[in-house]
Structure formats: C-alpha cells, structure tokens
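So the chains spell out like this:
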Amino acid sequence: MKARRSGFALPAVLAVTGVVTLIFLVAITALANLTREANSAQARVRFTEAALTLEANLSYLAVTEPLSIDSIAVGGRRATDEFEAGLPQGQAGSALLLHLDGRPYSAQPVSPLIISVQDEAGMINLAGLDELQSVRLAEAMGLGDARQRRIQQIYLDYVDTDSLARTGGAEQSDYGRARTANRSLLRPSEWLSLLGVRPEIDNRRWRGLESDLAFDRATFLMNVNTASSQSLQILFGITQEQAEAAVRARQSSPFLSLQDFVAASGASNLIEGERRYTFPSGRFVYTIRDTRSRWVYRARISLTPGGAELPLWIDQAELKEAAPDAASDPIDATPFPYPLG
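None of these values were measured; they are calculated from a predicted model.

What counts, and where the lines are drawn
In every chain, residue numbers begin from 1 and rise along the written sequence. Local features are withheld for residues below a pLDDT of 70 in this predicted model, meaning they are given only at 70 or higher, and side-chain atom pairs are given and counted only at 80 or more; totals for whole chains, interfaces and linings count all residues. Side-chain metrics rest on all non-hydrogen atoms present in the structure, leaving aside hydrogens and water. Working definition: with a 1.4 Å probe on protein chains only, accessible area under 20% of the residue-type maximum means buried, over 50% means exposed, and in between means partly exposed. A run of H or I in DSSP becomes a helix once it reaches four residues, and a run of E becomes a strand once it reaches two; helices and strands are each numbered from the N terminus. Here the arc refers to the directions that run from the helix axis out to each C-beta atom. At least two bridges found by DSSP between two strands are what make those strands a pair. Within a predicted model, pLDDT stands for the predictor's per-residue confidence, ranging from 0 to 100. Residue contacts are counted whenever heavy atoms from the two residues lie within 4.5 Å of one another. Between 30 and 60 degrees the pair is tilted, below 30 it is stacked and above 60 it is edge-to-face, where a pair is any two Phe, Tyr or Trp rings, Trp via its six-membered ring, whose centres lie within 6.5 Å. Patches draw on residues past 30% relative accessible area with no salt bridge. Two like charges within 9 Å are joined, as are two nonpolar side chains (Val, Leu, Ile, Met, Phe, Trp, Tyr) within 5 Å. The method behind every accessible area is Shrake-Rupley, applied with a 1.4 Å probe, and residues are considered shielded solely by the protein chains displayed. Salt bridge, as used here: a side-chain nitrogen of Lys or Arg that lies within 4 Å of a carboxyl oxygen of Asp or Glu. Each axis is a line fitted through C-alpha atoms, taken for helices only over the stretch in contact, and angles between the N-to-C directions span 0 to 180 degrees. Angular relationships are summarised with four words: roughly parallel below 35 degrees, roughly antiparallel beyond 145, roughly perpendicular across 65 to 115, and oblique for the angles in between. Under the scheme applied here, ten amino acids are nonpolar (Ala, Val, Leu, Ile, Met, Phe, Trp, Tyr, Cys and Pro), four are charged (Asp, Glu, Lys and Arg), and all others, including Gly, are polar. Residues grouped as a nonpolar core are buried Ala, Val, Leu, Ile, Met, Phe, Trp, Tyr and Cys residues, joined through side-chain atoms within 4.5 Å. Two helices cross in a left-handed way if the nearer one is turned anticlockwise from the farther one by less than a right angle. They cross in a right-handed way if the turn is clockwise.

Moving on: helix H10 (residues 258-265). Buried within H10 we find Leu-258, Phe-261 and Ser-265. Projected down its long axis, H10 shows its buried positions confined to an angular sector of 55°, all on one face. Immediately downstream of H10, the backbone of Gly-266 shows phi near 80°, a positive value.

Strand-to-strand pairing in sheets goes through backbone hydrogen bonds, with the strands running parallel or antiparallel. The strand order across the open sheet formed by six strands is S9-S8-S7-S4-S3-S10, and the pairing between neighbours is mixed. Across the chains shown, the open sheet's two edge strands, defined by having one partner strand only, are strand S9 (312-321) and strand S10 (334-335). With two bridges connecting them, strand S3 (residues 101-106) and S10 associate as parallel partners. Pairing of Tyr-105 across the sheet is with Thr-334, part of S10.

For the protein chain, per-residue confidence averages 83 on the pLDDT scale, and residues scoring 70 or more make up 88% of the total. Across the protein chain, strand S4 (residues 113-119) holds the top mean pLDDT of 96, while helix H2 (residues 82-85) sits lowest at 44. In this model residues 81-92 is a low-confidence stretch, pLDDT under 50, and it forms 24 contacts with partners more than four residues away in sequence or in other chains.

Throughout the structure, instances matching the rule amount to eight aromatic pairs. Considering the side-chain rings of Trp-191 and Trp-206, the 6.0 Å spacing of their centres and the 0° angle between planes classify their relative orientation as stacked. Of this pair, Trp-191 sits in the loop between helix H5 (172-175) and helix H6 (197-200) while Trp-206 sits in helix H7 (residues 203-210), and the two are 15 residues apart along the sequence. Judged by relative accessible area, which is 6%, Trp-206 ranks as buried. Clustering of aromatic rings is evident, with ring pairs tying together Phe-236, Phe-255, Phe-261 and Tyr-277.

There is a patch of nonpolar side chains on the surface, built from Val-16, Val-20, Phe-24 and Ile-28 and spanning about 390 Å² of accessible area. Here Val-20 lies in helix H1 (residues 9-64).

The next thing to look at is the packing of helix H3 (residues 131-140) against helix H8 (residues 229-236). Across the interface, H3 lies against H8 with an axial gap of 7 Å and an inter-helix angle of 135°. Relative to H8, the element H3 is oriented oblique. Of the residues in H8, those in contact with Gln-133, Arg-136, Leu-137 and Ala-140 of H3 are Gln-233, Ile-234, Leu-235 and Phe-236. Among the residues forming the contact of H3 with H8, the class breakdown is five nonpolar, two polar and one charged.

With that out of the way, let us pick up the nonpolar core. Counting 40 residues, the largest nonpolar core has Leu-137, Met-141, Trp-191, Leu-232, Phe-236 and Phe-261 as its most contacted members. Of all the secondary-structure elements, those providing two or more residues to this core are H3, helix H4 (145-159), H7, H8, helix H9 (240-252) and H10. Tallying contributions element by element places H4 first for this core, with five residues. Counting residues in hydrophobic clusters, the runner-up holds 27 residues, among them Val-74, Ile-115, Ile-301 and Phe-336.

Contact geometry of H8 with H9 gives a least axis separation of 9 Å together with a crossing angle of 125°. Compared by their axis directions, H8 and H9 come out oblique. With respect to the hand of their crossing, H8 and H9 are arranged in right-handed fashion. Contacts between H8 and H9 involve Ser-229, Leu-232 and Gln-233 from the first element and Gln-240, Ala-243, Glu-244, Ala-246, Val-247 and Arg-250 from the second. Of the residues contributing to the contact of H8 with H9, the split by class is four nonpolar, three polar and two charged.

The next point concerns the pairing of strand S7 (residues 283-290). Judged by how many residues are buried, S7 sits mostly within the fold: six of eight residues are covered. As defined by bridge partners, S4 adjoins S7 across seven bridges and the pair is classed as antiparallel. Each residue of the ladder has a partner; that of Ser-116, found in S7, is Thr-287. Both S7 and strand S8 (residues 295-303) contribute to a ladder of seven bridges, which runs antiparallel. From the neighbouring strand, Tyr-286 faces S8, where its bridge partner is Ala-299. The hairpin formed by S7 and S8 contains four residues between the paired strands.

Right, dumping it as structure tokens:
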C-alpha cells in the first residue's frame, strides 16, 4: 500500500479557502452596490416629493399674488386702475417679495431644499438670439466663430421638419443610430444633443451658463431687472463691470425704462423696440436643489390668466443629479415666502 504524498492537503485547503473568500468578497461588493442603489432611490423619492410640494407652493403664489416689476409680491397690493397698473406693486407694507432674479430661497423649516426662480425674460433665450448675441454666447462657451456658425446650421437642421441638410449642417444620416428631433427643443440642455456639440463644450463653462439659459420660440421679451450679470453681458454686449454696476443700481431702485438701464450701465447703441425690458414675462424657470444630496429639479411655469380652467402651465421639467464638483448651495438663503393664510 502506497503512503500518501506529504504536502498535498495544505495547498488544497488554501485553494478552497481562497475560492470561498473570493465568493464572499463578490457577494459583499454586490450587497454594497445594492445598498447604495437603494439609498440613492430613496433619496430621489424623498427629494422628488419635497420638490413637487415646493413647486405647488410656488405655483399658488404665481397665480394668486400680484407681479411686481422684479418679483412676486406675496400679500402685496393689487392695481385698481390703469394708472396703478403701470407702477411697481407690493413693494411696501407687509408684502414679502419673491424675487425673480435667480437668488436662492430656503424652504426650511418645511424641507431642506433651496429654490431659485428666474424670470424667463431675464435669461439667455437660445431661440431668440441675434447674430451678435450668438457670437458672445459662443465665446462664453469657449467656441470659435467658425465652430459657432456650423453649430448654428446643425441646430437649424435639428429643429426643422425636413430631411434636407444645410451647408455645414447635419441630418439623420449624420447622426447614425441617434435621431434628429425635427422639432423645437424641449429644454435648453437638449442643445447638447446637437451633433458634435458636447465634445466641443467645456463642462465647467456650460455649468456656469446653464442656469441662465432658456429656450422659448413663443416670446423674446427681455427684462433688465431680473437678468444676471452674465446674461446682461451676452444680451447687451456690455462689460462685466457695466453689468455689475447695473445690478447694484437696480437693487436700490428697479429700472422703470430701458433708458434707466442705459444710464446705470453705460451701455450704448441700444434700440428700444417691441420687447418689454422692465417687467416680468409671466414665464418663470425655477431650480430646486437638495442640500443633503446632489439631486436637482428644474421646470418652468407659464402663467395663462386668460384660461379659466388652466391658469398656468408647467413644462420643461427635468430631474437630474448635479456633477460631483458642482458648487454647494448657500446657507444664508432668504426664507421662502410660503402662501399667507
């Protein structure tokens, strides 16, 4: 009878132990991933519920409270005749102002959310830019003039309804499996879906501009009382110093005419046409952020006072997670003026 070979049992045990350990490591990793996904899903549900509640409060204020020249005046006095209708309302007495210039408001103590509301007329409307404004926007995004002109042709092919490619443009055959929309953009972020645009854009520059971008082919109004410094620079071709001077001036006394803005900023060669420059448009883009996570909700309210059954529309809704390096929310935000009652 042969004797057993020495040294055989230990390697076998080590091999089995290694396999079992590997199986446990895989199981633990999978369990950790499932736990992270479950926590993320729960955070998203909690955020969505709180954001939609805050959206409902904002909608109620937009419909029931009077508009001031640069804000919603919660508890403000309404105009009683044509003369008063042309004056700023609700900026005295006990009115609480929800400014429409993108400043942050805290939803505490109801929820740990931050909301900012921006009058669409104070934003950079991608659908209504003239040639000079488009060039200034392209420069802010780091695009050269030639690239900007080609992107404009690609954009026109993207939103038109035919299949004929413009010179320098792009139609279905150029997109491969992806499809051209052949319709108006649903939201500003869809602009990144244009052929070749995303690789050309610096992500940091895009995120710095995104909060000021709008897309609306129905109206091209402007409001110098609610536009950010960055929007004023692109829309009116003024310097950063001029834009910041205008923002400081309107904080003490809102502009009542385009001439007031010109005097405060030193802007030149501005022609006042059919666009209103000093009153909200009735369309407000709002962004809601979670102070505990990176979830962000953005949508637009359009007031339709002529509709008895539908006094407002909500569209362009978008739920996403902010980039890991996105700036943190301010902790000194003004309390949100919840409906009085």
